[in-house]
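# Notes for the structure review
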Amino acid sequence: GENVEQHPSTLSVQEGDSAVIKCTYSDSASNYFPWYKQELGKRPQLIIDIRSNVGEKKDQRIAVTLNKTAKHFSLHITETQPEDSAVYFCAASSGKNSGGYQKVTFGTGTKLQVIP
Amino acid sequence: DTGVSQDPRHKITKRGQNVTFRCDPISEHNRLYWYRQTLGQGPEFLTYFQNEAQLEKSRLLSDRFSAERPKGSFSTLEIQRTEQGDSAMYLCASSPSRSMNPRSGELFFGEGSRLTVL
C-alpha cells in the first residue's frame, strides 16, 4: 500500500517568513496529492491539491510542487500570518481501488507555528 | 450547517463496553469514509462506502469494529468490547461521486467523535 512520509513534524517561523513542508510517497501509481489544514480542535480542510499532470500549482500565498520522478511534493506558504498556525497534512491517492474511489493516505502532519 | 455532522462529539467509556458513533454526510454525497486519528498522527483510513455498499475495509479494522450505511445516507461505526488502544478521534468524511464532480478528490470531514476508553 501507499506510504507517505512528511517532514518536519514541527516548524516555527517568524510572521512574514516562508514555510516549506516536504512529503514523499511510495506508490508510483499515485496521481492526486491534496494538502489539508487542521486547526486545533477543528476538522481537516482541503487547502490546495495537485494532480500528477502538473508540476506546480499556486493559490495566493500557497503553492504546491510535485516531482513525480523523485516521488516527492512540497507545500510552500509565503508571507506567513499567525492564522496560518495549524497542523498541515499531505496526502497521496492513486484511484486504483474498488468502486473507482480514491483512497487517500495521509502523512503524519506538520505543526506550524507562526510567531507574531 | 449543511456540512458533515458526527455524534456524539465526545464519548468516555470503560474498557469492555460497546460504543456507537453516527455520521451524517453532506446530503448529495454518495461516498462516505471513516478515518481514525490519534495524537500526532494523520488520519488513518478505516472503511469506505459507496451508497449503502461497504467497498473496502482496512486491516486496521478488527472484527470488533463494524460499520453500516443501511440506506445510503447516514452511517454508524460500532466498536465492541472497547480496549484502551481504541482511544482516538474517529473522523467521518464524505465526497461526491466522480460523475457529480469529476475533477475533485476533496474529502469533506466532520468534526469527529473523540473516544476515551478508561
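Keep in mind that what you see is a predicted model, and the values were worked out from it rather than measured.

With that out of the way, let us pick up the interface of chain A and chain B. At the interface, 21 residues of chain A touch 26 residues of chain B. Summing both sides of the interface, chain A and chain B together bury roughly 2000 Å²; the carbon and sulfur share of this comes to 44%. In this assembly, chain A and chain B are joined by one salt bridge. Of all elements in the fold, only β4 (32-38), β5 (45-51) and β10 (104-106) of chain A reach the threshold of two or more residues within the side of chain A that touches chain B. Per-element accounting of the side of chain A that touches chain B gives the leading share, three residues, to β4(A).

Turning our eyes to something else, we now look at the environment of A:R61. Residues and elements named next belong to chain A. Along the polypeptide, R61 turns up in the loop between β6 (56-59) and β7 (62-67). For the pair R61 and V20, spaced 41 residues apart in the sequence, the C-alpha separation amounts to 12 Å. In this view, R61 contacts H76, I77, T78, E79, T80, Q81 and D84; residues no more than four positions away in its chain are not counted. A distance of 3.2 Å separates a polar side-chain atom of R61 from the backbone oxygen of E79.

Definitions and cut-offs
Residues numbered from 1 in each chain as written. Chains lettered and ligands numbered in written order. Predicted model: local features only at pLDDT ≥ 70, side-chain atom pairs only at ≥ 80, totals over all residues. Heavy atoms only, no water. Contact = heavy atoms within 4.5 Å. Buried area = accessible area lost by both parts, 1.4 Å probe. Salt bridge = Lys/Arg side-chain N within 4 Å of Asp/Glu carboxyl O. Helix = DSSP H or I, 4+ residues; strand = E, 2+ residues; numbered from the N terminus. Polar contact = N/O pair within 3.5 Å; in protein donor to acceptor, adjacent residues only side chain to side chain.

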